Amino acid sequence: MNKIKIISALIFVLSVILALYSKHIAEENDASLTLLKAINEQKAFTQEISKNIFYIYNNKHASTQQLDASIKSFVANVNKKEEILEDLDNADIRDQIQKIIVLWNRFYLLVQKFRDVSRVHNGYTNIILQKLVNQIYNANLDLIVAFDRLITMHKQYFDKSKKKNRIIQITLFVTLLLLLVYLFTQLKGLLGFIQKFLKTSKSIIKKSTVKGVQPIETEGNVQDVSEAANDFNFLVQNINESITYAEKSIQGSVDALEDVEEKIENLIELIAAMQTSENIDKELLKKEDVLIETLDELSLSSNKLKSLKKDISLLI
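First things first, this report covers the structure right here in the doc. (Residues numbered from 1 in each chain as written. Predicted model: local features only at pLDDT ≥ 70, side-chain atom pairs only at ≥ 80, totals over all residues. Heavy atoms only, no water.)

Let's shift gears to the overall build of the protein chain. Tallying secondary structure elements over the protein chain gives 7 helices and 0 strands in all. When the elements of the protein chain are put in sequence order from the N terminus, they spell out α-α-α-α-α-α-α. Here the protein chain, with 316 residues, has 31% of them falling under the buried criterion. Counting only contacts in the protein chain whose residues sit at least 6 apart along the sequence, the fraction spanning at least 24 positions is 77%. A total of about 21,200 Å² of accessible surface is found on the protein chain, and carbon and sulfur atoms cover 59% of it. (Helix = DSSP H or I, 4+ residues; strand = E, 2+ residues; numbered from the N terminus. Buried < 20%, exposed > 50% of the residue type's maximum accessible area, 1.4 Å probe, protein only. Contact = heavy atoms within 4.5 Å. Areas by Shrake-Rupley, 256 points an atom, 1.4 Å probe, with all protein chains shown as cover.)

Printed below as a string of structure tokens:
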């Protein structure tokens, strides 16, 4: 029984661990998707900023509203980077994000410089703006390459983490399944013994006899069940042996009583033959009466013992 308790406790603990680990995997997947979404958004914002720069460069009186909105969105995502990276445990990805932030700062300074220069109109404005546009274009390419590398690193990390999590989940699940199968085999033997025991007990109570009671055979190697079955079988065997011994003892007593009865009857016949009508011994008559009374008692006792033997013989 202790073994079944230990296995049950292990199954409970493994079930809790599997549930908690599945929850951890779900949270990790959410964090990974959030990071991937943020990377793609940042990449899209960078490209959008570059497009707005080129558009403003080619259209001197174009509004900078869209450019300002893209810059604001990019900065907002950068400010949330610690929140996004909170559940991510990968140093390479963190380092790559720091490199992207450095590139972005350089890119942002160029954009700000472009915005400042575009407000000034003199003979050198176009030359400076053209140079800044080229620098912004190159900085944008560097950012795109860095973002693509980050996406590749994220995919590798996610695939590796996914594979590791799958192996751990399968290991936990298989272990849990094996424990359940083992527990089932243990409980099967226990339930089988309980069913047989209840059936036998019900039969004994209903028939008020142990007649026909067979030893309980156990299936499997459950130690506690085997011990209980052995104890029950030993009890049945002792009952059968006790009843058999009682029958023999009663039969011996009956035989002894019948032998005594026979001898007393012979003695009474002898006393009767010794007496004549002319010569009657009163003391002898008293003794004869006592013998007759004793003979009746012995006959009654013999009949009771025979009845008891019959009742006992019905028990097995």
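The next thing to look at is the pattern of salt bridges. Applying the stated criterion across every chain, the model contains 3 salt bridges. Among the salt bridges present, the one from arginine 106 reaches aspartate 142, with a minimum N-O distance of 3.8 Å. Residue arginine 106 is located in helix α4 (residues 91–118), and its partner aspartate 142 is located in helix α5 (residues 125–207); the two are separated by 36 residues in the primary sequence. Ionic pairing is found between lysine 155 and aspartate 159, a salt bridge with its closest N-O pair at 3.0 Å. (Salt bridge = Lys/Arg side-chain N within 4 Å of Asp/Glu carboxyl O.)

Once that is clear, we can look at the packing of aromatic side chains. One pass over the structure, following the stated rule, counts 3 aromatic pairs. Judged by centre distance (5.6 Å) and plane angle (40 degrees), the rings of tryptophan 104 and phenylalanine 107 are tilted. Taken together, the positions of tryptophan 104 and phenylalanine 107, both in helix α4 and 3 residues apart, correspond to about one turn of that helix. Residue classification places phenylalanine 107 among the buried residues on the basis of a relative accessible area of 0%. (Phe/Tyr/Trp six-rings, centres within 6.5 Å; stacked < 30°, edge-to-face > 60°.)

Attention shifts here to a nonpolar patch on the surface. Together, Ile170, Phe173, Val174, Leu177, Leu178 and Val181 give the surface a local cluster of nonpolar side chains, amounting to about 560 Å² of exposed area. Along the chain, valine 174 turns up in helix α5. Overall, the relative accessible area of 39% leaves valine 174 in the partly exposed class. (Patch = residues over 30% accessible without salt bridge, like charges linked within 9 Å, V, L, I, M, F, W, Y side chains within 5 Å.)

This next bit is on the environment of tyrosine 21. Residue placement: tyrosine 21 occurs in helix α1 (residues 2–58). Distance from tyrosine 21 to glutamine 169, taken between C-alpha atoms, is 7.9 Å for residues 148 residues apart in sequence. If we ignore the near neighbours within four places in the chain, the residues touching tyrosine 21 are Lys164, Asn165, Ile168 and Gln169.

For the rest of this paragraph, the subject is the environment of leucine 176. Inspection of the secondary structure assignment puts leucine 176 in helix α5. The spacing of leucine 176 and isoleucine 7 is 169 residues in sequence and 10.0 Å in space, taken between C-alpha atoms. With sequence-adjacent residues up to four places away left out, leucine 176 is seen in contact with Ile11, Leu14, Ser15 and Leu18.

These figures come from the coordinates and say nothing about function on their own.
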